[in-house]
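Structure at a glance
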Amino acid sequence: MREQSELKAELLHMMRELWLCEDFCLSDSERSARLRPEIMRRLLGLVMTDDERAADLGLPAGCRVRESAKIIAPQNLVCGRHCWFGENSITDASGGLIIGDHTTIASGVFVWTHSSALSNIMGNNEPGNPWIRRAQTSIGHRVFIGGPSVIYPGVKIGNGVIVMPMSVVIGDIPDNVVVAGVPGKVLRTVDDAWIQSVINDVKAASEGN
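Attention here is on the structure that accompanies the text.

1. Quick word on the overall build of the protein
From N to C terminus, the protein includes five helices and 18 strands. Whereas a compact globule of 209 residues would reach a radius of gyration of roughly 17 Å, the protein reaches 21 Å, over 25% beyond that. Its C-alpha atoms give the protein principal-axis dimensions of roughly 65 × 55 × 30 Å. Classification of the 209 residues of the protein by burial places 30% in the buried group. A fraction of 20% describes how many contacts in the protein between residues 6 or more apart in sequence connect residues 24 or more apart. When the 20 positive and 24 negative side-chain charges of the protein are each reduced to one mean point, those points stand 5 Å apart.

See the structure below:
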């Protein structure tokens, strides 16, 4: 069996050969030049921890961004403290996005603030076309969005909300409710009695282990 140093040297050689290969082509366009720093930052982010990744994106203290989570236009994101962004989530802030404290965007969640559907209908799917709709989306404090779920542009989600996995939220959601389904519907209120019952279940499960 070969030494680790030999295997790593071989991998670096393979990467260099690919980089120098004429079939590996880069575009010298204005758009490519604009996008490439973001792509490189995401690539380097793979070796960061989740809190380092969040800090690199300018998020507040206590936030964590897992590997392969993507935040579009982070300069348009107003994010609270102690938020968590799961693997393979897409958080689109291009149309303006507000997220409160202690909120989770779980793995596989898509939060959208823009839609390009009209671009396709109009037969103009080119970058920068005039048919892209943008609308600010707002997610409150203490919200859990289970994945995979989708939050549509322009939606306002209140505080203390649980969005169950596999939900599609297309309209505003009030405070302190559980939402599920396609489209998302309110299942129940999150009140003190319900919270206490869940706490009791958690304690019972912990004692049983």
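2. Remarks on the environment of M14
For M14, the location among the structural elements is in helix α1 (residues 4-20). Assessed through its relative accessible area of 49%, M14 is described here as partly exposed. Considered as a pair, M14 and I98 are 84 residues apart in the sequence and their alpha carbons are 43 Å apart.

3. Digging into the pairing of strand β18 (residues 185-189)
Summarising the sheet, strand β17 (residues 177-180) and β18 pair through four bridges and their orientation is antiparallel. Bridging from a neighbouring strand, V178 pairs with R188 of β18. The antiparallel pairing of β17 with β18 creates a hairpin that spans four residues between the two strands, and G181 there sits at a positive phi of about 105°.

4. Let's talk about unusual backbone geometry
The omega torsion of the bond from G147 to P148 falls at -5°, within 30 degrees of zero and hence cis. Residue placement: P148 occurs in the loop between β12 (144-145) and β13 (150-151). The omega torsion across V182 and P183 is -5°, close enough to zero to call that bond cis. Along the chain, the position of P183 falls in the loop between β17 and β18. One non-glycine residue, N88, adopts positive backbone phi at about 65°. Take N88: it is sitting in the loop between β4 (84-85) and β5 (90-92). One non-glycine residue, N176, lies in positive phi territory at about 55°. Inspection of the secondary structure assignment puts N176 in the loop between β16 (168-169) and β17. N176 sits in the partly exposed class, given a relative accessible area of 31%.

5. Comments concerning the state of the cysteines
For the coordinates displayed, the defined rule picks out zero disulfides. The closest cysteine sulfur to the non-disulfide-bonded C25 is located on C21, 8.0 Å from its own sulfur. A residue is classified by how much of its surface remains accessible, and C25, at 62% relative accessible area, is exposed. Residue C63 stays outside any disulfide, its sulfur separated by 4.0 Å from that of C79, the closest cysteine.

6. Quick look at the sheet that holds strand β15 (residues 162-163)
Read from one edge of the open sheet, seven strands run β1-β4-β7-β12-β15-β17-β18, paired in mixed fashion. Each edge of the open sheet carries a strand with a single partner, namely β1 (64-65) and β18.

7. Describing the nonpolar core
Counting residues in each nonpolar core, the largest one holds 29 residues, and the members touching the most others are L59, F85, I145 and I157. For this core, the elements supplying multiple residues, two or more each, are β3 (77-79), β6 (97-99) and β17. In contact with F85, not counting residues within four places along its chain, are L59, R64, V65, R66, A69, I71, C79, T91, I99 and I105.

8. Considering the packing of aromatic side chains
Evaluation of the coordinates by the stated rule reveals two aromatic pairs. Centroid distance W19 to F24: 5.6 Å. Interplanar angle 45°. Geometry classified as tilted. You can call W19 exposed: its relative accessible area is 54%. Their ring planes at 70° and their centres at 6.0 Å tell us that F110 and W112 sit as a pair that is edge-to-face.

Cut-off values and rules
Residues numbered from 1 in each chain as written. Predicted model: local features only at pLDDT ≥ 70, side-chain atom pairs only at ≥ 80, totals over all residues. Heavy atoms only, no water. Helix = DSSP H or I, 4+ residues; strand = E, 2+ residues; numbered from the N terminus. Rg over C-alpha atoms; globule rule 2.2 N^0.38 Å. Buried < 20%, exposed > 50% of the residue type's maximum accessible area, 1.4 Å probe, protein only. Contact = heavy atoms within 4.5 Å. Lys, Arg positive; Asp, Glu negative; His and termini not counted. Charge placed at Lys NZ, Arg CZ, Asp CG, Glu CD. Pairing = 2+ DSSP bridges. Disulfide = S-S within 2.5 Å. Core = buried A, V, L, I, M, F, W, Y, C linked by side-chain atoms within 4.5 Å. Phe/Tyr/Trp six-rings, centres within 6.5 Å; stacked < 30°, edge-to-face > 60°.

Interpretation note: all reported values are geometric properties and have no functional meaning in isolation.
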